[in-house]
Each structure stands twice: as C-alpha cells, then as structure tokens.
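This is what each chain is made of:
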Amino acid sequence: MQTFIETQFPIARLSAESYKERKAGASQTLTGLGKWWGRKPLVLVRASIIGMLMPASNDAKRDREIFLKILTMDDDGIWQRCKGEIPASAWREAASPEVQEEFFGARSFIHGMGDEEKAAVCAQIWEALSSEEQLALDALRMRPISDRAEFEALTYAERLVHCERPENIAGPTHTAWVEINAHLGTTASNLSELVQQLGQRTFGHTPRVGDSFCGGGSIPFEAARIGCEAFGSDLNPVAGLLTWASLNLLGGGAAVQAEVARVQQQAFAAADQQITDWGIEHNERGERAETFLYCVEVKPEGCDYYIPMAPSWVVAEKYNVVTRWTRIANSDRLQPEVLAVSDAEFKLYKEKKGATMVDSRVVDPLDPNRTWSVEALRGTDGLRRWTNDDVVPRAGDVFQERLYCIRWAKTVMRNGKPKLERRYAAPETADLARETKVQSLLRERFAGWQQAGLIPSRGIPEGGDETARLYRERGWTHWHQLFTPRQLLMLGSVMQFASENDDEQLVSKVANLLRSGMMADFLSKLCRWDPTLAKSGGIGACIQTFYNQAFNTLVTHGSRALTGLEAFSIGTRQIGSPVFGKSKVELRDARDLREVCDIWITDPPYADAVNYHELADFFLAWYDKQLGKAFPEWTSDARAELAVRGDGEDFRRSMVDIYKNLARHMPANGLQMVMFTHQDPAVWADLGMILWAAGLKATAAWTISTETEAAGIKKGNYVQGTVCLVLRKRAGNEPGFLDEVYPLVEDEVKRQIASMQALDEGGEPNFNDADYQLAAYAAALKVLTHYGTLDGKDVEHEVFAVRERNAKSDFQVVIERALGIACDTLIPRGLDASWRDLSLVERYYLRSLDIESRGERRKGMYEELARGFGVSDIRPLLKSDKANGARMFTPSGLAATILIAVGAGNSGASGQLSSQNTSSARGRASANGPHPFATSPLRHLMFAIRETTSADNSPEPGRQYLRDTFGQGYWTKREGFVALLEWLSALGNTADMGEWQADSEASRILAGRLRNDHA
Ligand SMILES: C[S@@+](CC[C@H](N)C(=O)[O-])C[C@H]1O[C@@H](n2cnc3c(N)ncnc32)[C@H](O)[C@@H]1O
C-alpha cells in the first residue's frame, strides 16, 4: 500500500510553514533547551510522519485536502490559526451560569486573575461547547484581518504572517475531524488518536518512530507529541541530554515544568545573594554592573606600551559612546576613556576611527602608521600553551587581557516613577580592585570546583578542525580558559547552589545542567559585543558564543553580569499540547542500535556540515561529572572517532553500515525518511547510492525550502532546501539490465513529472525547477533501487569502486540520464511547437532563461540544467555566475561573442535530440573547440535581435543578417524563428527582467517583419 508521502507532499505550504518556524528564533519550541546545530523544523517532522502513516487513495486531490486538514494547513485551518483574541465578554457570554458567576464580572474576568488562570477558564468553557458553538465563538476572534475573503486573497506565505504555528493550536476542528474520519475510515477526535489508528492498521500497534541521529531532538519529540512511541539516539551526550529534556521536561507537562522552574530560581537567587555579598558587581554609587567589556592587549617589539586591540571602539550607538586611549606617564599601559562624542565624531568611530585591529594587523592608536602582523606577534614557535591552573595570561605572555569599560545601571525615581538609568565608564581603581578580588575568590574555589565538576577541568582535544585555533590563537588548552575569572566565579556559584540540592528530581538535574550550557554559551570570552542600534536598540548586547558554527577567538568581548543570565531558565516554555507517546533516549553509535522501529526518520551529518563532536565539547566540559550523576549509564565522552563526517570513503562506509543496521531494525512494511540539507542538489545522488547499497529502495523524494524567505517562495529566492527521501526495504535482489532500465526510467520520470504538474495546475505552485529535477533523480532511484544488481554489478561494490577523476559509474549515468529526460520534459510554456527542432544547447539556453524569468538565481540550478542537457561549458552564456545571482546573457549583452558562421564550427555541436538517440553526451562542446552555441540558429537569431536593437528597432538589418546567414535555409527556418522571437518578446515584461526590455521589443518587431517576409 502506498502512503500519501509516496505520491505527493504539499511542498510550497510546508516550505512556508518551516520557514516561519525557523524565523521564530528563540521562540521555537525546543531552542530554549540549548544550542544544537541543524535542528529540523517540527512542522516538517509532523507532516512527514503523518504522510508516512496516511494511506494514498485513488483520489489524489481529496488526499491532499485531507492531509492539509490534519495539519491545519488547509484554508479553514489557516484561518483558524489566524491570531487574535476572543474578547473576554464573548467568553463570558459562552460560559455556563456557574462559570460566569465564579470567574466573571459584568463584562470581563474578575479582577486579579492571572493570565494562566484565565487561559484555564477559557479552555474549560471551550471544552463544554458543541462544535457549532465553538465555531460561533471563534468567529468573534479579533483577527488582524477580519474579513476572510480579504485574508484568502493573500498568498499562503502572506497569510502565515498573521497565524499561529500549527503546533500552538489545539488541532483540527470538530468539523474537520468529521471529514478526515470519513475519508480515512477512522474515528479520531485528535491527532494522537488518528496516529494510533493509522499505526494499528499498518503495523498492528501504535507506530514506533525512531531517529538514530537525534541531535536536538526534533524528530523524537514531535513523534511523541503526536502520539507515536518515540526512540531517539545520538552519539553525542549533549544531543542525548537535549532530546531527553525535550521529551521529559517540556513533554512532562505544566506541573513538572513549574517544579523545575522553582528549583532553578532558588539556585539563581542564592547565587545572586552570594555575588551581592561578595560585592563584586556593585559599586560605591549604589549601581550594579550590567556588562563588562574586555579586550586583549599586546606589546609589539619596538613599542614601549601595550596596545589594546579592537576592530572598533564603539561602545553604544544609542548614546554615541566610544572608548578613547591615552598615554599615561611612566607606564607601559594606555588609559581608556569612555565618553559620548558628537555625531560627527561618532560617525568616524563607526567607520573604524582608532581601530587597533585591522586586517589581522595591530595598529598603534597613537601612531596609526605603525602596524604589526598578529601572526608574526604570535612568534615562530606559537604562543605559550596555558596550563590547567592558568585562568588569566601570565606576565610574560604575548597577549594580555584587560577590562576597559563597565555599563552600570541604577533604578532612580523620576516624576514619581522608577526609571533605570545606565552609565558607561572606564574602570576606576575600585573596579580594578574588584577584579582582583574576583580572581582571589576564584582561586580559593578553583581546585574544589574542578574536582566536583562545577566548572570545566577537561583539556581541549588536539588536532580538531575547529579547536586547533584555540591553541594557536590564544594558547588555551583547557575549556575553562574560554572564560574569564569573573565568568567562572558566576557560573560556578550557580552550579554550586544548583547541585547542593542533591535529592532533586532527574528533570531538575537535567535542567540545571542544560542551564549551565546555555549560560556558558552566552557568557564566554567568545561572546562578541554588538553596539549597534539594530541589535539592542544601541545600548550594546553580548552575542552568544555559537552565533555561527565555529570557535571565534575575539580580541574584544562583552561579559554579562549575573542579572543578564536570569532569563536562561530551562524548560519553562509551555508547549501547545502535552506529549502523549512513550519515549526512550539512548546514547549509541548508529551502527550499534538494537531498537526496532516502524518508521526511521534520520537527518545524518553530511559532507561539509557541522563539526558536532568538536563544538559540543564546549558544553560537555560543563556537564562532565554532573552528567554521570544524572545518567550513570551514559558516557560523557563525545567519542569523536565514531562520529560520521566528511564525504570520502570512510563516510560512505559508515553510512552504508548505519543504514544497513536501520534496515535490519524495521519491519518488512516499515518506512524510512532520510533528510538532509545541502546547497548542491546533485550531491544527494551520492546519498541515494549509499542508501541503495544499504538494501533500501527509494519511493519518493521532496525538497522543502526550510530557509526560504516567506515573500520569496514563488520567486524561487531560495538559499537551501531540505531533501526528504522516502525509502522502504528492498525485498528481493532482482538483477537489472541497463537496456531495460532506461525505458523504465524514462516512463517513471515522465509519470512523476506529469503527476506533479497536475497538482500544480490552477493553484499556488507547489514545485520549482529544483523539485522537478529532484523528482527526476528520485524517479531514477525508484527504478534503480528496485534491483539488487545492474548488468551483473553489485551496488555496494559500485559505491566503493575506485574510479578515475570524472569517471562515472553506470549508476550515475542512469541517474543523470533521468535528469536529461526531466529537463526535456519540462518545456517552457509557449515553446512546445519549436522544441523538437532545437539542439540541446539551444534548449539549455531557453530553459535557463525560463528559470531566470521565474526568479531563479542560484548558479547551482543553472549547472544542474546544464548537466541535464549535456552542456559542459556554460560560462560564455552566463552574464553573472555569482552563487546566488546567476543570470543569462541577453542578445545585446552577447553582442558578437560566441558567434561563428553556420557550418564553420564543430558540425556535431548543434546536434538534434532525436527520440531514438538520447545519449546525454550529445551537444557537448569539445574541450578546446568552439562553443556549440556559437553556430546554432538561435545564436544567429539573437544576433539579429541585437542588430535590430542597435538599429533603433528597424528590423531590416536583422532580417538581412538572417537571410545572408542561412541562405535558402532561411525560408524553412522562418516559422521557427518567429515562434522563438515571440517567446523572447514576452521576457522584457516579466518582473526583474528589465534588462530584456529593449531586446524583447526588438524581438517583437523582428517577428512581425519575418512573418511578413516574402521571397
Ligand atoms: C544533522 S544532526 C541531527 C539534527 C537533528 N535532526 C535535529 O533536529 O536536531 C546529526 C547528528 O548525528 C550525530 N552523529 C554523528 N555521528 C554519529 C554516529 N556514528 N552515531 C550516532 N549519531 C551520530 C551528531 O552528533 C548529530 O547530532
């Protein structure tokens, strides 16, 4: 039985939903638990699971409507999600007399009720209503767009701007459930019941969904939330902890969350009291510090003072605050002055006035002509390597660290109202004394805290791609050295108070651990200071350590005071609905998994992606000994040697082993989805081969544009897509033969494309060119992966076969052939009649123009098309080959370049694609010969257009050129030319194709002239 996802998937709507979820930033459901890289959108996971459980019927259109209803992504569902409050008076009206009496006054809620209590009363009222009454009440919601017709006139992405995410509403309405049940033969009244009934039907029990690379936990969390049994496993303990917390802390419900919040608040309050008692954040003016700014300083050879390093000395854009340095007599240290300057001067500072770190060189602030290379300053032997007990640089170290600015805050009364006043100042003697005190307080505790695991004690592993720079650029060898003494003292204090309550529940222990990681992310020497208006309204903000996927050592950094960490309480976000399903989390190498799941959804590390094992060590250094107390059976080691990475032979070997193992641990009718994100759509063919070798067969593939700008969905303004490949176990190992496979692939590609085009007709486009190309690959894989061998060759052997550079396996050739068929099936609208008579390179040029006119700018897509049409050199045809700004040349842009008289060049260059001879090699340019486009009729026609444009739209020179060029052949070609000219004449009116305006107009005029031409 085919499932919904094996026949279709609502790509456009899901892309918009996924994008909305990702754009929610910190208010995404799981991000509040801690940092993980490459989290998958929950809505995509939800849709994938439902798509794999829902059977496909003979009515594709109705299937789609029902599927969208389940996800509240149909028109009713999205209207239901359109935000807006139902007024309290309407709630009152709908309530029973008893509820009215107890909770309402004349019009609204009684005074003093909190938001949570109000929400609980509303839920109670809602539950007691019939579905008709619910609809009537919902109609009173004060939506930002109150008229439904007006709302529906917007595109889906535009509507979404005003909507809740599906996960944050109760689910389909009663009316929707009636339709869903009627179509599916179920009796569900919520998602979890539906999931159980569909699972029961296919697998005989509640469906079990597993993820062997669970990372931040999106897949097991969402699976459990919609009622599946969930299994999550990862090699990395940080991932294990995040996944466990998603299921048991967020999924634990409001009471668990409230208790965990209480424990965290208690520890924080105790630490706050401690910091206050020590007097290390308060000054004599009654102010408390909010932020401390530190910089590195260096004393280069020949300079008799230390130079504080910074790429900019702007402190706060809102108040024009900057730092200025002056020399003090008899000292080798400069003196900072933190002050507000005039607008004019501030502008200079923004343009890097006084910057002392420019292009990896240190600049003397007192004589900008003197500069030193940072690399050279590190010395030929590199920096001294710090030892465990180093918490600050030693006196002789090249790079020193110093405090140069403090932002103070104090609440004062202004006009009878409390007001927070801020002040930026260079440290005074008393502040420096506090810094010294911090150091001695830390020294007193350092060894004990390290031993107890309250602060990191681990060394930084050597030889890492990412971690190596910590040694090289700073000499740091231990994780605690990424923190100042002040930071260690704060974090250690919070950890100490949190760990004192040893009898607390496991969820609270986990929350305390995750909080230490979260705080460390926002409180390290790798936290950049951002003074811009854009970030903090211009008062300045400390950016998190992992604002990208790297360890960036900085010369200046911002360090929050304790109050700046209060918000990092873990697990307090309420989730829309409780987690129903049972769950289990393990720490395992995916090769060693022993759990059986009906559905595996995995998102493996791929190619040049994130160095998970190195980055996560930053957090593991904090969890370390405490982790063992919470999960005695877990290792606290990242086991880097087992991590899947790279894209070479080792990578392929581990992936084949892993997916063989997963295939072994699923029932015969089980399903898998492999998700991965990569900019180049071609690389996934490689992954397809791996999965094939693992004994799986592909049944569908879809790309979801998870990074798409909502407004850009239709324009194809994509950054990258997540490919979702659906697979089943290959039952037999039937032998396949290439000559039989080709026609099957051809049929499958055409069938797949036709079914997608049918879904696209009339409505919003679901698919873009990348989707069609991907579908072609998938169709080829569908056919290919059905077989165990091809022409007697074993797949696994082929995956690992050593080949010469650029040599292709038969398998790759078939896959590329499928792309060729897809390319040739997708004829630009209006060119159907002329298409057959065009050469491959001409078709390539026109298809490229077609995608350009629909907003496609990714160079990779133009390269993919070239592969499909067998054009090997596209550079002469591309006006711009920017990665995200590719464009084709116009006729005037090409002028007389790559133009060769007909018959003068490579005669095979303009070869026709006949239905019999479809070798993908045809139409290629020879390595050194003329470009195949140069002699093509289309190229000459473009020159004639250019001649027309140059002659102020007189068509005569262009017509004459064509006659001269083609002689008698002109008359047979004339009709085809007219059709092409008419197509080109429409381009100039297309959005963002302004460059074509003149040439399009010339095309129109030339077409008219040719139409009326007579011998
Ligand atoms: C792309 S991430 C998964 C992200 C996850 N889907 C999410 O939404 O957060 C890939 C994961 O594979 C894990 N991993 C790498 N090698 C592994 C192995 N041999 N066994 C199990 N997990 C591994 C990494 O630790 C990482 O968490």
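Here the structure is a predicted model, which is why all the values come from computation and not from measurement.

About the thresholds
Residues numbered from 1 in each chain as written. Predicted model: local features only at pLDDT ≥ 70, side-chain atom pairs only at ≥ 80, totals over all residues. Heavy atoms only, no water. Helix = DSSP H or I, 4+ residues; strand = E, 2+ residues; numbered from the N terminus. Rg over C-alpha atoms; globule rule 2.2 N^0.38 Å. Buried < 20%, exposed > 50% of the residue type's maximum accessible area, 1.4 Å probe, protein only. Contact = heavy atoms within 4.5 Å. Areas by Shrake-Rupley, 256 points an atom, 1.4 Å probe, with all protein chains shown as cover. Lys, Arg positive; Asp, Glu negative; His and termini not counted. Charge placed at Lys NZ, Arg CZ, Asp CG, Glu CD. Salt bridge = Lys/Arg side-chain N within 4 Å of Asp/Glu carboxyl O. Near = heavy atom within 4 Å. Polar contact = N/O pair within 3.5 Å; in protein donor to acceptor, adjacent residues only side chain to side chain. Pairing = 2+ DSSP bridges. Axes fitted to C-alpha atoms, helices over the stretch in contact; angles between N-to-C directions. Phe/Tyr/Trp six-rings, centres within 6.5 Å; stacked < 30°, edge-to-face > 60°. Lys NZ or Arg CZ within 6 Å of the ring centre and 35° of its normal. Patch = residues over 30% accessible without salt bridge, like charges linked within 9 Å, V, L, I, M, F, W, Y side chains within 5 Å. Parallel < 35°, antiparallel > 145°, perpendicular 65-115°, else oblique. Left-handed = near helix turned anticlockwise from the far one by under 90°. Nonpolar A, V, L, I, M, F, W, Y, C, P; charged D, E, K, R; others polar. 1 Å grid on protein atoms, 1.4 Å probe; cavity = no way out; pocket = protein on both sides within 12 Å on 5 of 7 lines; lining within 4 Å. Points joined across faces, edges and corners; volume = space filled by probe spheres on them. pLDDT = per-residue confidence, 0-100. Expected span 1.5 Å × (residues − 1). Disulfide = S-S within 2.5 Å.

Considerations on the overall build of the chain
Next, step 1: Helices and strands together make up the secondary structure of the chain, namely 38 helices and 25 strands.
Next, step 2: Computed over C-alpha atoms, the radius of gyration of the chain comes to 33 Å, within 12% of the 31 Å expected from 2.2 N^0.38 for 1015 residues, which places it in the range of a compact globule.
Next, step 3: Across the 1015 residues that make up the chain, the buried fraction comes to 56%.
Next, step 4: Taking as baseline every contact in the chain between residues at least 6 positions apart, the subset at least 24 positions apart corresponds to 74%.
Next, step 5: Element-wise, carbon and sulfur atoms account for 49% of the exposed surface of the chain, whose accessible area totals about 41400 Å².
Next, step 6: Computed over 118 positive and 135 negative side-chain charges, the inter-centroid distance for the chain is 3 Å.

Quick notes on the pattern of salt bridges
Next, step 1: Under the criterion given, the structure shown has 80 salt bridges.
Next, step 2: Across the pair K299 and D332 runs a salt bridge, and its minimum N-O distance is 3.4 Å. Here D332 lies in the loop between β6 (321–327) and β7 (334–340) and K299 lies in the loop between β3 (288–298) and β4 (307–309), a separation of 33 residues in the sequence.
Next, step 3: Taking the relative accessible area as the measure of exposure, K299 reaches 35% and is therefore partly exposed.
Next, step 4: Exposure remark for D332: the relative accessible area of 28% places this residue in the partly exposed category.
Next, step 5: The shortest N-O distance in the salt bridge between D390 and R384 comes to 3.0 Å.
Next, step 6: Judged by relative accessible area, D390 falls into the buried class, the value being 5%.
Next, step 7: Of the residues examined, R384 reaches a relative accessible area of 28% and is grouped as partly exposed.

A closer look at the site of the ligand
Next, step 1: The immediate surroundings of the ligand are formed by 24 residues, with K40, G216, D234, A590 and D603 found nearest.
Next, step 2: Here an oxygen atom of the ligand and a side-chain polar atom of W36 are 3.2 Å apart.
Next, step 3: K40 is positioned such that a nitrogen or oxygen atom in its backbone is 2.8 Å from an oxygen atom of the ligand.
Next, step 4: In the complex, the protein chains occlude 97% of the 600 Å² of accessible area that the ligand would expose alone.

A short note on the sheet that holds β7
Next, step 1: Pairing in this open sheet of three strands is antiparallel, and the strands run β5-β6-β7 from one edge to the other. The open sheet terminates on both sides in strands that have one partner only, identified here as β5 (314–316) and β7. Taking each pair of neighbouring strands and ignoring which way they run, the sheet shows an average axis angle of 35°.
Next, step 2: Across two bridges, β5 lies against β6 in antiparallel orientation. What sits directly across from V314, in β6, is V322.
Next, step 3: Running over the sheet, helix α16 (residues 343–350) touches β5 and β6 and is turned about 80° from β6.

What about the packing of aromatic side chains?
Next, step 1: This structure, assessed with the given rule, holds 35 aromatic pairs.
Next, step 2: Between W36 and Y612, the ring centres sit 5.4 Å apart and the planes meet at 20°, which makes this aromatic pair stacked. Separated by 576 residues along the polypeptide, W36 in the loop between α1 (11–23) and α2 (42–53) and Y612 in helix α23 (residues 612–615) bring together distant segments of the chain.
Next, step 3: Exposure remark for W36: the relative accessible area of 7% places this residue in the buried category.
Next, step 4: Aromatic rings pair up to connect W36, W37, W479, F483, F546, F551, Y612, F618, F619, W622 and Y623 into one cluster.
Next, step 5: Lying across the ring of W79, R143 places its NZ or CZ 4.0 Å from the centre.
Next, step 6: Positioned above the aromatic ring of F151 is the side chain of R159, whose terminal nitrogen or guanidinium carbon lies 6.0 Å from the ring centre.

Some points on a negative patch on the surface
Next, step 1: Negative charge collects at one region of the surface, where E98, E101, E102 and E117 lie side by side.
Next, step 2: If you tally residues by element for the negative patch, the top one is helix α6 (residues 97–103), at three residues.
Next, step 3: Among the secondary structure elements, E98 is positioned in helix α6.
Next, step 4: Note on E98: relative accessible area 56%, which makes it exposed.

Considering unusual backbone geometry
Next, step 1: At N320, a residue that is not glycine, the phi angle is positive and equals roughly 60°.
Next, step 2: Overall, N320 belongs to the buried group, its relative accessible area being 13%.
Next, step 3: A positive phi is found at S360, a non-glycine position, where the angle reads about 60°.
Next, step 4: Locating S360 in the fold gives a position in the loop between β8 (357–358) and β9 (361–363).

Observations concerning the packing of helix α37 (residues 969–987) against helix α38 (residues 997–1011)
Next, step 1: The interhelical angle for the contact between α37 and α38, taken along N-to-C directions, is 150°, at an axis separation of 8 Å. Put simply, α37 runs roughly antiparallel to α38. Of the two elements, α37 crosses α38, and the hand of that crossing is left-handed. Counting all contacts with α37, which are made through Y970, R974, F977, V978, L981, E982, L984, S985 and L987, the residues of α38 involved are S1000, S1003, R1004, L1006, A1007, L1010 and R1011.

So, the sheet that holds β9
Across a sheet, paired strands are connected by hydrogen bonds in the backbone, their directions being either parallel or antiparallel.
Next, step 1: The strand order across the open sheet built from three strands is β8-β9-β10, with neighbouring strands paired in antiparallel fashion. In this open sheet, the two strands that pair with only one neighbour each are β8 and β10 (371–373).
Next, step 2: Note that β8 and β9 share two bridges and pair antiparallel. Directly across from V358, in β9, lies its bridge partner R361.

A few points about the packing of helix α35 (residues 937–950) against α37
Packed helix pairs are characterised by how far apart their axes lie and by the angle those axes make with each other.
Next, step 1: Between α35 and α37, whose axes approach to 11 Å, the crossing angle comes to 60°. With respect to α37, the axis of α35 lies oblique. Helix-helix and strand crossings are classified by hand; for α35 and α37 the assignment is right-handed. Of the residues in α37, those touching α35 at P937, L938, L941 and I945 are K973, F977, L980, L981 and L984.
Next, step 2: Across the contact of α35 with α37, the residue classes break down as eight nonpolar, no polar and one charged.

So, empty space enclosed by the protein
Next, step 1: According to the stated counting rule, one finds eight cavities of 30 Å³ or more in the structure shown.
Next, step 2: Taken as a whole, the second largest cavity encloses approximately 150 Å³ of empty space.
Next, step 3: Lining the second largest cavity are twelve residues, with S499, E504, K509, N512 and Q626 positioned closest to its centre.
Next, step 4: Of all the secondary-structure elements, those providing two or more residues to the lining of the second largest cavity are α20 (485–500), α21 (506–522) and α24 (617–630).

A short note on the confidence of the model for the chain
Next, step 1: Looking at the chain as a whole, the pLDDT averages 88, with 93% of positions reaching at least 70.
Next, step 2: Within the model, pLDDT remains below 50 along residues 708–719, and this stretch shows 29 contacts once partners closer than five positions in the same chain are excluded.
Next, step 3: In this model, residues 905–927 is a region of pLDDT below 50 whose contacts with residues beyond four sequence positions or in other chains number 39 contacts.

Considering the environment of A668
Next, step 1: Inspection of the secondary structure assignment puts A668 in the loop between α25 (649–664) and β18 (671–678).
Next, step 2: For the pair formed by A668 and G279, sequence separation is 389 residues and the distance between their alpha carbons is 66 Å.

Here's the deal with α25
Next, step 1: With 16 residues, α25 ought to run about 22 Å at 1.5 Å a step, and its terminal C-alpha atoms sit 22 Å apart, in line with that.
Next, step 2: Inspection of α25 places F651, S654, M655, V656, I658, Y659, N661, L662 and A663 among the buried residues, and these make up the whole buried set.

With respect to helix α14 (residues 237–250)
Next, step 1: With 14 residues, α14 should cover 20 Å at 1.5 Å per step; its first-to-last C-alpha distance of 19 Å lies within 8% of that length.
Next, step 2: Taken across its 14 residues, α14 has 13 buried, putting it largely inside the fold.
Next, step 3: The opening residue of α14 is N236, an N-cap whose side-chain oxygen sits 2.9 Å from the backbone nitrogen of V238.

Thoughts on the environment of G240
Next, step 1: For G240, the location among the structural elements is in helix α14.
Next, step 2: With 197 residues separating them along the chain, G240 and V43 place their C-alpha atoms 21 Å apart.
Next, step 3: Discounting residues that sit within four places of it in the chain, G240 has contacts with V585, L587 and W634.

What about the state of the cysteines?
Next, step 1: Scanning the entire structure with this criterion turns up zero disulfides.
Next, step 2: C228 takes part in no disulfide bond, and the closest cysteine sulfur to it belongs to C597, at a distance of 10 Å.
Next, step 3: For C228, a relative accessible area of 1% puts it in the buried group.
Next, step 4: C303 takes part in no disulfide bond, and the closest cysteine sulfur to it belongs to C295, at a distance of 14 Å.
Next, step 5: In this structure C303 comes out as buried when scored by relative accessible area, which is 6%.

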